[in-house]
Amino acid sequence: MDDIDAINLALLIFRCGIAGVMLAHGINHIIGGGKIEGTAGWFGSLGMRQPLLQAWLASLTEVGAGVLLVLGLLTPVAAAGVVGVMAVAWTINHRGNGFFIFRPGEGWEYVMTLLLCGLLIGTIGPGEWSLDRALDIDDDLIGWTGLLIAAIGGIGGSAALLATFWRPPAPSEG
């Protein structure tokens, strides 16, 4: 193995690691614990309007991004999914709870890390061991183009979703 193979192996491991997290979260939101209805109830309690729609949208985005990352297909689009879901989670659930995830209410270190991983993989691409490379589309989707797709798609999409569907609950007195 040469240095390029080591880089491609590292990118494959990185992609699949992030994909595994996204797949686990998406599948768990659909079939775990309270199933999609429980996820919708939780989303509603966080101030999301049309919570069942939002639960499906978030869950399918997580699953779709995970599948695309494993395959290394349309990698900046998959990265935008990661960035978008994490930006929404950061805003509606983790933002006010401090940095550390182990604090009450779960801080934002975890979602920040995944969001940054999404921006990174969108920018550098999936590596040679990917469908993007096999289809000869990776050169058009890396660098600034990939970063812009991941950032604008993810952050812009989450901002539009939040502006349209999120109405934060009134703070409780006491």
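In what follows, the accompanying structure is described. (Residues numbered from 1 in each chain as written. Predicted model: local features only at pLDDT ≥ 70, side-chain atom pairs only at ≥ 80, totals over all residues. Heavy atoms only, no water.)

1. Some details on helix α5 (residues 109–124)
Let me state the cut-off plainly: The numbering of helices and of strands both runs from the N terminus, where a helix is a DSSP run of H or I of at least 4 residues and a strand a run of E of at least 2. Helix span, expected: 1.5 Å multiplied by one less than the number of residues in the helix. Relative accessibility decides the category of a residue: with a 1.4 Å probe and only protein chains considered, values under 20% of the type maximum give buried, values over 50% give exposed, and everything between is partly exposed. We call two residues contacting when some pair of their heavy atoms lies within 4.5 Å.
Along its 16 residues, α5 runs 22 Å from first to last C-alpha, staying within 8% of the 22 Å computed at 1.5 Å per residue. Where α5 is concerned, the buried positions are Val-111, Leu-114, Leu-115, Cys-117, Gly-118, Leu-119, Ile-121 and Gly-122. Those residues of α5 that are buried are in contact with α1 (3–31), α3 (51–71), α4 (75–94) and α7 (144–165).

2. Brief notes about α7
Which entries qualify depends on this criterion: What the arc describes is the spread of directions from the helix axis to the C-beta atoms.
Relative to the 32 Å expected for 22 residues at 1.5 Å per residue, α7 spans 30 Å between its end C-alpha atoms, a close match to the ideal helical length. Those residues of α7 lying buried are Gly-146, Ala-150, Ala-151, Gly-154, Ser-158, Leu-161, Leu-162 and Phe-165. Burial along α7 is one-sided: seen end-on, the buried residues are contained in an arc of 135 degrees. Exposed side chains of α7 directed beyond 90 degrees from the buried face belong to Trp-144, Ile-152 and Ala-163. Looking at the buried residues of α7, the elements they touch are α3, α4 and α5.

3. Details of the pattern of salt bridges
As a reminder of what qualifies: Note on definitions: salt bridges are taken to be side-chain nitrogens of Lys or Arg within 4 Å of carboxyl oxygens of Asp or Glu.
What the rule picks out here adds up to 2 salt bridges. Residues Arg-133 and Glu-128 are paired through a salt bridge, measuring 3.7 Å at the closest nitrogen-oxygen approach. A relative accessible area of 36% places Glu-128 in the partly exposed class. Between Arg-133 and Asp-138 there is a salt bridge, with the nearest N and O atoms lying 2.5 Å from each other. According to the relative accessible area criterion, Arg-133 is partly exposed, its value standing at 34%. Within the structure, one salt-bridge network assembled from shared partners comprises Glu-128, Arg-133 and Asp-138.

4. A few points about the environment of Thr-123
The condition that has to hold: Any pair of N or O atoms that falls within 3.5 Å is considered a polar contact. Within protein, one atom must be able to donate a hydrogen and the other to accept it, and sequence-neighbouring residues count only if both atoms are side-chain atoms.
Examined against the element boundaries, Thr-123 turns out to sit in helix α5. Residue Thr-123 is classed as partly exposed on the basis of its relative accessible area, which comes to 23%. For the pair Thr-123 and Ile-101, spaced 22 residues apart in the sequence, the C-alpha separation amounts to 26 Å. Beyond its immediate sequence surroundings of up to four residues, Thr-123 is in contact with Ile-142, Gly-143, Gly-146 and Leu-147. A polar contact is formed between the side chain of Thr-123 and the backbone oxygen of Leu-119, at a distance of 2.7 Å.

5. A few points about the packing of aromatic side chains
Keep this limit in mind: Between 30 and 60 degrees the pair is tilted, below 30 it is stacked and above 60 it is edge-to-face, where a pair is any two Phe, Tyr or Trp rings, Trp via its six-membered ring, whose centres lie within 6.5 Å.
For the coordinates displayed, the defined rule picks out 5 aromatic pairs. On the numbers, 5.1 Å between centres and 85 degrees between planes, the contact of Phe-99 with Trp-108 is edge-to-face. According to the relative accessible area criterion, Phe-99 is partly exposed, its value standing at 34%. Ring centres of Phe-100 and Phe-102 lie 5.1 Å apart, and the angle between their planes is 25 degrees; on these two criteria the pair is classed as stacked. Take Phe-100: its relative accessible area is 34%, and that puts it in the partly exposed class. Looking at Phe-102, the relative accessible area reads 62%, which means it is exposed. What links up through ring pairs into an aromatic cluster is the set Trp-90, Phe-99, Phe-100, Phe-102 and Trp-108.

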